[in-house]
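Here are the chains, one letter per residue:
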Amino acid sequence: MWIRTISLPIMMMSLAAASACSPEPDAAENSPPAGEQEETVLVVFETAAGDIEVALFPDRASLSVAQFLAHVDAGNYDGASFYRVTRGSDGSLIDVVQGGLLSQAVRDGSEAYAEGYPSATAVAHETTDQTGIPNERGTLAFARLDPGTADTEIFFNVRDNPELDTGFTEGGRDGFGYATFGRVVEGMQVLDEVQQMPSDAPTPMETVRGQILDQPVLIRRIYRKGP
């Protein structure tokens, strides 16, 4: 449920969590044949800062897409928010906008955040090697603690963040990366604006101080677009 920035001990991989990860086939196996259109599912994030249209890739990231759409179809993201931002200009190694259902838990502390959303079930980790979707600007991914613990929290890459891809181990990262499963089609400027909003809200979690939005940005709802 978390995106590691510089050093966050709770992000270190445990052997038990690692067992939730699947084998890593060649990414080319997940690409559509030449000349064939890739299947996508379009969803819209209706937010207080504007709408964001996102294409999801069920053929490449079937588990992650199914997890996300289950929450979307159940209305679980209605009233959610974007609550955390990281900026290279402020010294972070990554540029992201994070959101989901745990805005208040971030303000309450790491134990509350680690407990996650009540009744949510974690999804097995899909690596970027499997999906062939790197953490590039505009991609949507699941936040997590250990691999295989992602459930409701998500983030958008606001720039290319290769540090979040599978295989990156510098700075103590666990090497599994973050599971990407969608890409912004329209509305990237909304995320650019959110990322620049004031982020000095108090939190007992020292590792994310200076990253919690003073005013979380309301996600009114997320819904499927079209059939």
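Described in the following lines is the structure provided in the data block. (Residues numbered from 1 in each chain as written. Predicted model: local features only at pLDDT ≥ 70, side-chain atom pairs only at ≥ 80, totals over all residues. Heavy atoms only, no water.)

1. Let's talk about the overall build of the protein
- Helix and strand counts for the protein stand at six helices and eight strands.
- N-terminal to C-terminal, the α/β element order of the protein is α-β-β-α-β-β-α-α-α-β-β-β-α-β.
- Looking at the protein as a whole, 53% of its 227 residues are labelled buried.
- For the protein, the exposed area adds up to about 9700 Å²; of that, 51% sits on carbon and sulfur atoms. (Helix = DSSP H or I, 4+ residues; strand = E, 2+ residues; numbered from the N terminus. Buried < 20%, exposed > 50% of the residue type's maximum accessible area, 1.4 Å probe, protein only. Areas by Shrake-Rupley, 256 points an atom, 1.4 Å probe, with all protein chains shown as cover.)

2. Structural notes on the environment of glutamate 111
- Mapping glutamate 111 onto the fold places it in helix α4 (residues 110–115).
- For the pair glutamate 111 and methionine 205, spaced 94 residues apart in sequence, the C-alpha separation works out to 9.6 Å.

3. Details of the sheet that holds strand β1 (residues 41–47)
- Reading around the barrel, the eight strands line up as β1-β2-β7-β5-β6-β4-β3-β8 and close back on themselves, with antiparallel pairing between neighbours. Along the sheet, successive strands turn relative to each other by an average axial angle of 35°, direction set aside.
- Sheet topology places strand β5 (residues 139–142) next to strand β7 (residues 180–186); three bridges connect them, and they run antiparallel. Residue pairing for β7: alanine 141 is matched across the bridge by threonine 180.
- Where helix α2 (residues 62–74) meets the sheet, its contacts fall on β1, β2 (50–56), β5, β6 (154–157), β7 and β8 (212–224), and the angle it forms with β8 comes to roughly 90°.
- Seen against the sheet, helix α6 (residues 188–195) touches β1, β2, β3 (80–86), β4 (96–100), β6, β7 and β8 and runs at an angle of roughly 65° to β3. (Pairing = 2+ DSSP bridges. Axes fitted to C-alpha atoms, helices over the stretch in contact; angles between N-to-C directions. Contact = heavy atoms within 4.5 Å.)

4. Remarks on the pairing of β4
- Taking burial as the measure, the five residues of β4 include five buried ones, the bulk of the element.
- Neither face of β4 is open: one carries Val96, Gln98 and Gly100, the other Val97 and Gly99, and all of them are buried.
- Pairing of β3 with β4 involves five bridges; the strand directions are antiparallel. Bridged to valine 85 within β4 is valine 97.
- Across four bridges, β4 lies against β6 in antiparallel orientation. Counterpart to glutamine 98 in the pairing with β6 is phenylalanine 155.

5. A short note on the pairing of β8
- Sheet analysis places β1 next to β8, joined by five bridges and oriented antiparallel. Each bridged residue has a counterpart across the sheet, and for threonine 47 the counterpart in β8 is isoleucine 219.
- One ladder, built from four bridges, connects β3 with β8; its direction is antiparallel. Within the sheet, the bridge partner assigned to alanine 80 lies in β8 and is isoleucine 219.

6. Section: α6
- Inspection of α6 places Met188, Val190, Leu191, Val194 and Gln195 among the buried residues, and these make up the whole buried set. Along the axis of α6, the buried residues cluster in a sector spanning 155°; they form a single face. (Arc of directions from axis to C-beta.)

7. Section: α2
- Compared with the 18 Å implied by 1.5 Å per residue over 13 residues, the 18 Å span of α2 between its first and last C-alpha is a close match.
- Within α2, burial applies to Ser64, Val65, Gln67, Phe68, Leu69, His71 and Val72.
- Glycine 75, located one to two residues past α2, shows a positive phi value of around 75°. (Expected span 1.5 Å × (residues − 1).)

8. Points about the nonpolar core
- One finds Phe45, Leu56, Phe68 and Phe82 to be the most contacted residues of the largest nonpolar core, which totals 34 residues.
- With residues up to four places along the chain from it excluded, the contact list for leucine 56 reads Glu39, Thr40, Val41, Val43, Val65, Phe68, Leu69, Leu140, Phe181 and Gly182.
- The next biggest cluster of nonpolar side chains, apart from the first, holds nine residues, and it includes Tyr83, Val106, Tyr113 and Met205. (Core = buried A, V, L, I, M, F, W, Y, C linked by side-chain atoms within 4.5 Å.)

9. Remarks on the side chain of threonine 47
- The topology assignment puts threonine 47 in strand β1.
- Given the relative accessible area of 3%, threonine 47 is considered buried.
- Within the local environment of threonine 47, its side chain forms a polar contact with the backbone nitrogen of alanine 49, the two atoms lying 3.0 Å apart.
- Leave out the neighbours within four places in its chain, and threonine 47 touches Ile52, Phe82, Val190, Val217, Leu218, Ile219 and Arg220. (Polar contact = N/O pair within 3.5 Å; in protein donor to acceptor, adjacent residues only side chain to side chain.)

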